[in-house]
Amino acid sequence: QHQPSVIDLSKKARQKLRSRRYAEARSLFAQGLEREPENPYLLSGMGDACREIGDFDEAERCYCNLLDIDPKNLFALRGLGDIYKKQNRHQEAVQLWDRYLVLRPQDKFVMTRIADSCKILAQFERAEQVYRQILQYSPGDRFALTGLADLQHRLGKDAEAIDTYEKVLKFDENELHILTIVGKLCWRISDFERAEGYFRRALQVDPKNPYALYGLG
């Protein structure tokens, strides 16, 4: 019986990966890797498939092998960083993403990941710096705005947090969670009229919302 070539296996596996049939993709990548264990396309695809399935050990092994062969492989740097983030290994994740950004400096998705992880690591200065960097060339980026607002909230910069959360509300003015947070922050800085406005807006979305009822009360 004619054996499919490694290139054919790789193409077929990529199609399965794109259509989110991860177990089938993994099986095809594995067949290819039996014949070419150092093929970078197969290693990167296998890493992605295993990551999606949740087999982080195997995904890590593939990405690490790939980085041994090609230390500048963007897929491996980003993918391995994502695995470390899921495993709460944020410091290691940030180191990999920093290497990634040297090669692709303005990838705002990876920059957001870095800022989010720095926030978890209590590296607040770096987190804020990265969020602001993203907003410099993508002023309306929702993830960066939300991350920055959350950081300002956590650091007790109430007035700044209100301003940033209000920019987030432009994406969805009925986002309940944010309406109640902004109401609470306005109350904290004694802007009671504005606080009342936010709590009432929250109650229009959800008339039984306990945070808005409590705040208004």
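Within each chain, residue numbers correspond to sequence positions counted from 1 in written order. For this predicted model, a pLDDT threshold of at least 70 governs which residues receive local features, and a threshold of 80 or more governs which side-chain atom pairs are given and counted, while totals over whole chains, interfaces and linings are taken from all residues. Only hydrogens and water are removed before side-chain values are computed, so all heavy atoms of the structure are retained for them.

## Some points on the overall build of the protein
Which entries qualify depends on this criterion: A run of H or I in DSSP becomes a helix once it reaches four residues, and a run of E becomes a strand once it reaches two; helices and strands are each numbered from the N terminus. For a compact globule the rule gives 2.2 Å times the number of residues to the power 0.38, and the radius of gyration it is set against comes from C-alpha atoms. Only protein chains enter the area calculation, which uses a 1.4 Å probe; residues under 20% of their type maximum are buried, those over 50% are exposed, and those in between are partly exposed. Note on contacts: a residue pair qualifies if any of its non-hydrogen atoms lie within 4.5 Å across the two residues. Only the protein chains shown count as covering a residue, and every accessible area follows the Shrake-Rupley method with a 1.4 Å probe. Positive charges are assigned to Lys and Arg, negative charges to Asp and Glu, while His and the chain termini are left out of the count. Charge positions come from single atoms, namely NZ of Lys, CZ of Arg, CG of Asp or CD of Glu.
Each helix and strand in the protein was counted, giving 13 helices and 0 strands. Going from N to C terminus, the protein has its helices and strands arranged as α-α-α-α-α-α-α-α-α-α-α-α-α. Compactness check: the protein gives a C-alpha radius of gyration of 23 Å against a globular reference of 17 Å for 217 residues, more than 25% above the reference. For the protein, the C-alpha atoms occupy an extent of roughly 75 × 35 × 30 Å along the three principal directions. Each of the 217 residues in the protein was classed as buried or not, and the buried ones make up 43%. Sequence separation of 24 or more characterises 40% of the internal contacts of the protein that already satisfy a separation of 6 or more. Summed over all atoms, the accessible surface of the protein reaches about 12400 Å², with 50% contributed by carbon and sulfur. Across the protein, the 34 positively charged side chains and the 33 negatively charged ones have centroids separated by 3 Å.

## Details of the environment of Thr-112
Locating Thr-112 in the fold gives a position in helix 7 (residues 108-120). Residue Thr-112 is classed as buried on the basis of its relative accessible area of 10%. Sequence separation of Thr-112 and Ala-59 is 53 residues, and the distance between their C-alpha atoms is 22 Å. Once you skip the residues sitting within four places of it in the chain, Thr-112 turns out to touch Ile-134 and Phe-143.

## Some points on the confidence of the model for the protein
The following threshold applies: Residue-level confidence of the predictor is what pLDDT reports, using numbers from 0 through 100.
Averaged over all residues, the pLDDT of the protein is 94; the fraction at 70 or higher stands at 100%. Ranking the helices and strands of the protein by mean pLDDT puts helix 6 (residues 90-103) first, with 97, and helix 1 (residues 6-18) last, with 91.

## Topic: the nonpolar core
Threshold: Residues belong to one nonpolar core when they are buried, are Ala, Val, Leu, Ile, Met, Phe, Trp, Tyr or Cys, and are joined through side-chain atoms within 4.5 Å.
Of all hydrophobic cores here, the largest spans 62 residues; its most connected members are Phe-29, Ile-114, Tyr-131, Tyr-165 and Val-182. Discounting chain neighbours no more than four positions away, the residues touching Ile-114 are Val-94, Trp-97, Asp-98, Leu-101, Arg-126 and Val-130.

## Details of the side chain of Thr-180
As a reminder of what qualifies: Distance and chemistry together define a polar contact, namely a pair of N or O atoms within 3.5 Å, with one atom able to donate a hydrogen and the other to accept it when in protein, and with adjacent residues in sequence counting only for side-chain atoms on both sides.
Tracing the sequence through the fold places Thr-180 in helix 11 (residues 176-188). At a separation of 2.8 Å, a polar atom in the side chain of Thr-180 contacts the main-chain carbonyl oxygen of His-177. The residues touching Thr-180, leaving out its near neighbours within four places in the chain, are Phe-199, Ala-202, Asn-209, Tyr-211 and Ala-212.

## Topic: helix 5 (residues 74-86)
Applied cut-off: Expected helix span is taken as 1.5 Å per residue step, with the number of steps being one fewer than the number of residues.
In this model, helix 5 (13 residues) spans 19 Å end to end at C-alpha, consistent with the 18 Å of a helix rising 1.5 Å per residue. Those residues of helix 5 that fall on the buried side of the exposure criterion are Ala-76, Leu-77, Gly-79, Leu-80, Gly-81, Asp-82, Ile-83 and Tyr-84. Considering only its buried residues, helix 5 is in contact with helix 3 (40-53), helix 4 (56-69), helix 6 and helix 7. Two or three places before Phe-75, at the start of helix 5, stands the capping residue Asn-73, its side-chain oxygen 3.1 Å from that residue's backbone nitrogen. At the exit of helix 5 stands Asn-88, carrying a positive phi of roughly 60°.

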